[in-house]
Each structure stands twice: as structure tokens, then as C-alpha cells.
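Observations on the three-dimensional arrangement
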Amino acid sequence: MKNKFIYLAILAAGFISCEPEFENEVDADYTNGNANFSSYVAVGNSLTAGYMDGTVYKSGQMNSFPNLLAQKFSLVGGGAFTQPSYEEDVNDLGGISGIPGFGTRLVIDASQGRPENLAGTPTITLTPQATAYNNMGVPGAKSFHLLAAGYGNVANLPNANPFYIRHATSATSTVLGDAMSKNPTFFTNWIGANDVLSYATNGGAQADGVTPAVDHNVTGNLDPSTYGSNDITNSTAFGGVYTQIINTLTSNGAKGVVATIPSVTSIPYFTTVPYNALPAEATSSNATAVALYQFLALATGGRIAPLNTAAGTKNPVLIRDEDLTDIGGTIQAIAAGSGNPLLVPNAAALGALYGKARHATANDLMILPSSAVIGQPSATGTAPFNVNGVTLPLANRWVLTSNEKTKVQNAITAYNVAIVSIANSKGLAIADMNAILGQLVTGLRVDSGQVYTANYFNGSATENKVLFSLDGVHPNARGYAVITNEIIKVINQHYGSKMPLYYPSFFQGIHIVATN
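Residues numbered from 1 in each chain as written. Predicted model: local features only at pLDDT ≥ 70, side-chain atom pairs only at ≥ 80, totals over all residues. Heavy atoms only, no water.

Digging into the overall build of the chain
Counting its secondary structure elements, the chain contains 17 helices and 16 strands. Computed over its C-alpha atoms, the radius of gyration of the chain comes to 24 Å, within 12% of the 24 Å expected for a compact globule of 516 residues. C-alpha atoms of the chain, sized along the principal axes, occupy 80 × 50 × 40 Å. Within the chain, contacts between residues separated by at least 24 positions form 76% of all contacts whose residues are at least 6 apart in sequence. (Helix = DSSP H or I, 4+ residues; strand = E, 2+ residues; numbered from the N terminus. Rg over C-alpha atoms; globule rule 2.2 N^0.38 Å. Contact = heavy atoms within 4.5 Å.)

Here is the structure:
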């Protein structure tokens, strides 16, 4: 079962790695319109920093959308544009040395047919650069982090951000304050995705992977300093923070572009692994699973159905849904009185395991890393009730349930309403990335006629049409080129400028290495 249902098609495809080719500018009829690009500053999170393939690495950062924008701005009076230095990334591996969870970038290992961290040890360190840059995108930052003093103070780890530690101008500086020190005449602001995305990418769970994270649109808590790392930011609190950010950025007369927050349903991290990932041939050969499901179909009143055993059919993954009513007591009682030698001695354990269990449906989203555990024995489970997604319900962290998905979508909708309203009040341009990335589900056609899709791994037919990197959340270089073009279109329309677009096909797509 391991990863096969996702990655096998990769073996049949190949891709020659190359550096992006930038088209020659031959039309001199360009203009800045009524915008001043002499000091362009970008604020945001990983989407602004040029994060891709699970990290920031030297060659990848060069394709950040702010850096690509700045190259076009240079044609119409744009000034110098700087990004945090990654010169120490001598092997182009990314990651951060000595920080758990900050590994090297992902590549496709063609010999194995799956994404892997590129072999090697990160050479990027937390050595302070103490420099404000034009690109102030900080991976992992939520809206309120841009205003937080000490967010770049190494003494505040793990609450500080290692990416900001590398270039914060002082132990008490703020991301927004450092950005304003560049005296921006023009800015882009794409912040807010992490205010809900960390909840979604962790399946609505806290850091332990089990306990539900909190939606503060439900609690009404307006104090972000009290939030857990995976909680959903209250939309009213978000609006207040966003207003402060925009008021600050425009305080000296700067113009700019804001970007809306995309829906998670368009991101491959949530759309790659199917909810019915269990082939009948594999599950029906597990005699315990077959017998167990027959029992559970009775004990749960149909919440869990018997297995499909017909060849060619698939079974949905068994998941734990924290929003369900716990019927563990009923399951335990029925198991204890069944007379079944497998069920009777395990009655209490069965009640605990399956009291909040159900089969996944098409309305649930399996997160991308779940592909590595579905169908595999759990190291902490007890046989025969230890096969993830089969006899052991997938833990909270592996699936974004339909109820959790609704919480995420409601938050995104509220954030985007706030973003649009605040931007309109200041006369700023709006890049609707929610709409643009949402089109990837059915296919996004760009100006050249090329169609890009969200079919993350669907063989050679779509591999070179994918705009996402291997982490399933962030664009690849080609994707950032498409995003840059969309922002340029908005600037040209809103500010009366005229700047050319990029050819996305000239940019790197998925990174494949022969062996790793």
C-alpha cells in the first residue's frame, strides 16, 4: 500500500532540470502609470518568501513572486530589490541546520518513484544578518506575527521564527517595522493564509495530533497571544490586525497590491490522497478487518459499513472524527456479549478505538502525508487492531473532516471579506488569488493558451502542467511565475501601468533526480 497509489506514475515520467529562462524585453513602450516602484517592499509569509518544496533554498528563492515582480518593475523605474541572503546554502539544499523539522528540500527520487528530502545536511544557520530587506516574507507567519516584537529573537524559541531570526534587525524588531524601514513607495501584502492553514494542514488537530485545535470564530477569543499554534484566528481579530498593517504600509503615501487567501480545496496537499484509498483486494485479504467491519456495522448502527470485497472496488479509509457522538460504551457492551473470542477480551479497547470512528467520505480531505501511513501498521497500536485506516482509525491529524473543512472555509471567506473591504477603503489593487488558485481544480488557462491543473501526480500527461511544488501547498517556480503574471495584470489595470508578463513554461516545474 505504501505510497503506491500516488507515486507509481512518476516512474514513467522524466524532467530535465534547468534554470529559468527569462525572455528578452524588446518592447520599450512600458510605463509605471501612476505607481512609484522606486522602493518596492513585499510583506507576507512563505508564499511571499519564495518557499517551495518544503523549505527556502537559494535557487528557489530567486523565483519568489516579489523578486520576479521587481525585475519587471525595473523596466519602469523600479529600484534595487533585496532578499534575505542564502549564500551559505552552498549545495542548494535549503533547510536550517540544527533546527528539528527544518529539513532539506523535497525532490522526486526517480529510482523510488516518490518525493524525498534531498540527501545532504543543511548549511543554512541562524547567524543574524540584522538587515531589513525588500522581501520581508517570513515563512510560517500569521497576520498578527507581523506586529509581534521579539518574533525574530533567538532567545524566544520555539515561539520565535527561525526564518525571521536570520535577518531581524534587532531582538525586539517587528517584521512590519523592518519593512517600513525601507520607506516603501509600493508594496504587496499577502498575509493571512497561515491564520487558518496551520489548522487545516494538521487536520484540525493541536500539535499532539489528537486534541482538536480551536476555532476562535466559535470561542469569540480576540486575543491572538493566547492562541495555540494551530488555532484558527478570529476573523474580527484578523480584520483589526490587517487594518493596522495596511494603515502602516500606506502611512507615507505608498500604493500597493493585496492578495486574497486561497481556498485549501484547490491545494494538492488536500486533494491528492483519495478518501477511498483502500483497494478491495488488499483489505479483503485481512480476515480480521472483514470480521471486524461486520461486527462494527452492527454495533455502530451503520456508521461503519462492511468491507467491499469485489475485485476492482475500493474501500473508504477508517477515520476518527472528533465531532461525532462517542458510542464507545455501546460498542464495548455489544462486543462483551458477543461470545466472539476475538472481541470479548478486547471489548473495552474496541469501545475506545471505534467510539468516534466512521468511514471517510468524499467530503473529507486526507492530507498529503497520510499517504505514508494509510494501510501501514501503527508502531503504537496493538495487533490486529493496528493497521492505519483499516483496523485503526486514522488519527485526527491525518484528515480534515467535512465539519473542519467548513470551519476553514468560513474563516477564509471572512478574512477575504475583510481584505477586500480594507483594500477598497485605501484604493489599493486586489489580486484575487482565491479565485485564481481555485480555478486549478478544473484547469487554469493562462495567456499563452497553456492549461495548468491541480492533478499533482497524474503521470506524464499532467506533470509539466502542475504549478505546485512537492510540499503540496506552495507553488513551484512555474507557479510563482503564474502568480507574478496575475499580480502584474492587476497592477497594469489598477494603476494604468504597462509591464510585460512572463512565460511560465520557461520556469522549472517539479524537481526530479535519478537517485537520491
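Now that the structure has been shown, the text picks up again.
A few points about empty space enclosed by the protein
All told, the structure shown has three cavities of 30 Å³ or more when counted by the stated rule. Of the pockets and cavities examined, the largest cavity occupies roughly 70 Å³. If you go around the largest cavity, the residues you meet are Ala49, Val56, Gln61, Pro84, Tyr86, Asn135, Gly137, Pro139, Phe163, Arg166 and His167. Classifying every residue of the lining of the largest cavity gives six nonpolar, four polar and one charged. (1 Å grid on protein atoms, 1.4 Å probe; cavity = no way out; pocket = protein on both sides within 12 Å on 5 of 7 lines; lining within 4 Å. Points joined across faces, edges and corners; volume = space filled by probe spheres on them. Nonpolar A, V, L, I, M, F, W, Y, C, P; charged D, E, K, R; others polar.)

Observations regarding the packing of helix H9 (residues 235–249) against helix H15 (residues 402–425)
Interhelical geometry of H9 versus H15 gives an angle of 30° and a closest axis separation of 9 Å. In terms of orientation, H9 and H15 fall into the roughly parallel class. For the pair H9 and H15, the sense of crossing is right-handed. The segment H9 lies against H15, with Ser235, Phe238, Gly239, Tyr242, Thr243 and Ile246 engaging Ala414, Tyr415, Ala418, Ile419 and Ile422. Class assignment for the residues of the contact of H9 with H15 results in eight nonpolar, three polar and no charged. (Axes fitted to C-alpha atoms, helices over the stretch in contact; angles between N-to-C directions. Parallel < 35°, antiparallel > 145°, perpendicular 65-115°, else oblique. Left-handed = near helix turned anticlockwise from the far one by under 90°.)

Details of the environment of Arg358
Structurally, Arg358 can be placed in strand S10 (residues 357–359). Its relative accessible area of 10% is what places Arg358 among the buried residues. Among the polar contacts made by the side chain of Arg358, one reaches the side chain of Asp364 at a distance of 2.8 Å. (Buried < 20%, exposed > 50% of the residue type's maximum accessible area, 1.4 Å probe, protein only. Polar contact = N/O pair within 3.5 Å; in protein donor to acceptor, adjacent residues only side chain to side chain.)

Topic: the pairing of strand S2 (residues 106–109)
Burial of the side chains of S2 extends over both faces: Leu106 and Ile108 are buried on one face and Val107 and Asp109 on the other. Linking S2 to strand S3 (residues 114–117), which pair antiparallel, is a turn of four residues; within it Gly113 sits at a positive phi near 70°. Note: S2 against strand S16 (residues 512–513), two bridges, orientation parallel. Note that in S16 the partner of Asp109 across the bridge is Val513. (Pairing = 2+ DSSP bridges.)

Some points on the packing of helix H13 (residues 328–336) against helix H14 (residues 347–354)
Between H13 and H14, whose axes approach to 7 Å, the crossing angle comes to 150°. In this view, H13 runs roughly antiparallel relative to H14, as classed from their interaxial angle. For the element pair H13 and H14, the recorded crossing hand is right-handed. In this structure, H13 uses Gly328, Ile331, Gln332, Ala335 and Ala336 to contact H14, whose residues at the interface are Ala347, Ala348, Leu350, Gly351 and Tyr354. The residue makeup of the contact of H13 with H14, split by class, is seven nonpolar, three polar and no charged.

Observations concerning the environment of Glu87
Assignment of secondary structure puts Glu87 in the loop between helix H4 (65–73) and S2. With relative accessibility at 57%, the residue Glu87 sits in the exposed group. Residues Glu87 and Lys58, 29 residues apart in the sequence, show an inter-C-alpha distance of 7.0 Å.

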